[in-house]
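Spelled out from the first residue to the last, the chains are:
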Amino acid sequence: MLGKRILIGICGGIAAYKTLTLIRLFRKAGCEVKVIATRNALSFVTPLTIETLSNNKLYVDMFECGTERTTEHIALAQWADMAIVAPATANIIAKLANGIADDALSTTLLALSKPLFIAPAMNENMYEHIAVQRNLKLLEEYHYHIISPEKGMLACNVEGKGRMAEPKTIFDRVGKQLQQKILVGKKALVTAGPTCEPIDPVRFIGNRSSGLMGFSIAETLADKGCDVTLVTGATYLKTRSQSIHRIDVNTADEMLQACLPYADKADIIVMAAAVADYTPETKADHKLKKKDALFSLNLKPTTDILKTLAKNKTDNQIIIGFALETDNELTNAKQKLHTKNIDFIVLNSLKDKGAGFECATNKVTVIDKNDNVIEIPLKSKQEIAENIIQIVFNTPKS
Ligand code: CTP
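Residues numbered from 1 in each chain as written. Predicted model: local features only at pLDDT ≥ 70, side-chain atom pairs only at ≥ 80, totals over all residues. Heavy atoms only, no water.

**Student:** Just give me the short version of the sheet that holds strand β2 (residues 32–37), but keep the residues and values in it.
**Tutor:** The parallel open sheet is built from six strands, whose spatial order is β3-β2-β1-β4-β5-β6. Single-partner strands in this sheet number two, and they are β3 (58–59) and β6 (145–146). When strand β4 (residues 82–88) meets strand β5 (residues 116–120), the two strands line up parallel, connected through four bridges. Note on β5: the bridge partner recorded for V85 is I118. The strands touched by helix α1 (residues 16–28) within the sheet are β1 (5–10), β2 and β4, with β1 carrying the most contacts at an inclination of about 175 degrees. (Pairing = 2+ DSSP bridges. Helix = DSSP H or I, 4+ residues; strand = E, 2+ residues; numbered from the N terminus. Contact = heavy atoms within 4.5 Å. Axes fitted to C-alpha atoms, helices over the stretch in contact; angles between N-to-C directions.)

The following block contains the structure:
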């Protein structure tokens, strides 16, 4: 961690006292630490303590006289290798989710394009509130790393989930991310989202997919220093990392054509897209009118992109596919792994609660070429992505 630049945001919550230990942990590890505190945070911790521990000036106000420049929030966002908000109150979580920038901390975080860790801390009822949970889900979609609060005695004297994760837990999680620039110089090709096969200018056939799993994989690879090309079907998701080269496509054929030029140079290929297996034989050039009769469509198979790319697989390439199954999950996934000639398959089962295409969470099973099976329990898709990449790069090549 030596020499890394850590930006810490402190909000107004009793857990702010623990953030002082977090600052010490980073400083002891040889990091440079700068802190932005909200006005309310200063009811819990003093500027003098923060400045002494961080060995840097504390930032609180946006337009302080005497500062080096009035665009300090941009300079801080550019300076940091990563940022952590601890404790993150319901307020900052809501601001981040909605792009509100009304103080030094929220403005700086909006200008940040580096990894951002959020350690919520609040009363259990607040934490479980539908609005807070919705906002946290949005932050997951922005590829922020949520460090879940722990269960225990809360400041309001009740037991519950809402205690900020311990400083050492936060430190270890961030440390893992920092140490893992293990893929510098590597190239990755990742696909995500659904393909839409047009029937006419208005309708299409497609699979249900938000794209979040593929985007989380792409962000994880980029955070590790990989040069990533992300080919995505229709999705509302945005990419955070500036090092991701994003190509938007609609149909399976467009996805195939977009992948081909990058496939042979890629060290790792991850096919997380939900590619339609069939496409209409013809596309009407006008909107088809409703008739009071049976209607049938002629469908032709699409090209299996994964299988096509795997045919030309080189010895040093790692290819990962996904399998979404509803029954005979393990058998079907293993069959896909071997018939498509890939190195790993990541199995999602629609039977698992909280897993699949419309959740911010997932639960998967990773199977390697030798049929070794590793289960990853229910977690955020960002954490699942990190686990998958960890498994892939720790598995000896056979
Ligand atoms: N895939 C692909 N091209 C297709 C269909 C699927 O590249 N035309 C990829 C998916 O991105 C995924 C893997 O193949 O990584 C498995 O996809 P899945 O839909 O689970 O399996 P299929 O091979 O389509 O088989 P089935 O639909 O019969 O389960």
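**Student:** Please provide a residue-by-residue account of the packing of aromatic side chains, values included.
**Tutor:** Here the structure, examined in full by the defined rule, presents two aromatic pairs. Both rings, one in Y142 and one in Y144, keep their centres 5.8 Å apart while their planes meet at 85 degrees; by these two values the pair is edge-to-face. Given a relative accessible area of 10%, Y144 falls into the buried group. A cation over a ring is seen here: K34 above W79, with NZ or CZ 4.7 Å from the ring centre. The ring of Y59 carries the charged tip of K57 above its face, separated from the ring centre by 4.3 Å. (Phe/Tyr/Trp six-rings, centres within 6.5 Å; stacked < 30°, edge-to-face > 60°. Buried < 20%, exposed > 50% of the residue type's maximum accessible area, 1.4 Å probe, protein only. Lys NZ or Arg CZ within 6 Å of the ring centre and 35° of its normal.)

**Student:** Kindly report on unusual backbone geometry, identifying the contributing residues and their values.
**Tutor:** The residue after A86, namely P87, is reached through a cis peptide bond having omega -5 degrees. Looking at the secondary structure, you find P87 in strand β4. Unusually for a residue other than glycine, N55 sits at a positive phi of about 60 degrees. Note that N55 resides in the loop between α2 (47–54) and β3.

**Student:** So what about the packing of helix α9 (residues 212–223) against helix α13 (residues 381–394)? Which residues, and what values?
**Tutor:** The N-to-C vectors of α9 and α13 enclose an angle of 55 degrees; their axes lie 8 Å apart at closest approach. Taken together, the axis directions place α9 and α13 in an arrangement best described as oblique. Considering the relative orientation of α9 and α13, their crossing is right-handed. Together, L212, M213, S216, I217, E219, T220 and L221 of α9 and K381, Q382, I384, A385, E386, I388 and I389 of α13 make up the contact between the two elements. When its residues are assigned to classes, the contact of α9 with α13 shows eight nonpolar, three polar and three charged. (Parallel < 35°, antiparallel > 145°, perpendicular 65-115°, else oblique. Left-handed = near helix turned anticlockwise from the far one by under 90°. Nonpolar A, V, L, I, M, F, W, Y, C, P; charged D, E, K, R; others polar.)

**Student:** Give me the pattern of salt bridges: which residues, what numbers.
**Tutor:** This structure, assessed with the given rule, holds 19 salt bridges. Between R173 and E383 there is a salt bridge, and its shortest N-O distance comes to 3.9 Å. Of this pair, R173 sits in helix α8 (residues 167–179) while E383 sits in helix α13, and the two are 210 residues apart along the sequence. In this structure, D248 engages R246 in a salt bridge whose closest nitrogen and oxygen atoms are separated by 3.1 Å. Take R246: its relative accessible area is 25%, and that puts it in the partly exposed class. Through salt bridges with shared partners, a single network forms among K18, R163 and E166. (Salt bridge = Lys/Arg side-chain N within 4 Å of Asp/Glu carboxyl O.)

**Student:** How would you explain the packing of helix α4 (residues 90–98) against helix α7 (residues 130–141) if you had to name every residue and give the values?
**Tutor:** Where α4 meets α7, the axes come as close as 9 Å, and the angle between the chain directions of the two elements is 50 degrees. On the basis of the axis angle, α4 is oblique to α7. For the pair α4 and α7, the sense of crossing is left-handed. Taken together, the residues of α7 that come into contact with α4 (itself represented by A90, I93, A94, L96, A97 and N98) are V132, N135, L136, L138 and L139. When grouped by side-chain class, the residues that make up the contact of α4 with α7 number nine nonpolar, two polar and no charged.

**Student:** Account for the pairing of β4, naming residues and giving values.
**Tutor:** Most of β4 is tucked away, with seven of its seven residues classed as buried. Pairing of β1 with β4 involves four bridges; the strand directions are parallel. Within β4, the position partnered with L7 by the bridge is A83.

**Student:** Give a detailed account of the domain arrangement of the protein, specifying residues and quantitative values.
**Tutor:** Each domain of the protein was delimited in the assignment, giving domain 1 (5–179) and domain 2 (187–281 + 292–394). If you average the C-alpha positions of domain 1 and of domain 2, the two centres end up 33 Å apart. Each partner contributes residues to the interface: domain 1 has eleven residues there, and domain 2 has 15 residues. Across the domain 1/domain 2 interface, buried area totals approximately 1300 Å², and carbon plus sulfur atoms make up 48% of it. For the pair domain 1 and domain 2, the number of links is one salt bridge. For the side of domain 1 that touches domain 2, the secondary structure elements donating two or more residues are α7 and α8. Ranked by residue count, the leading element in the side of domain 1 that touches domain 2 is α7, at three residues. Of the residues assigned to the side of domain 1 that touches domain 2, the class counts are two nonpolar, four polar and five charged. (Domains from an automatic or database assignment. Buried area = accessible area lost by both parts, 1.4 Å probe.)

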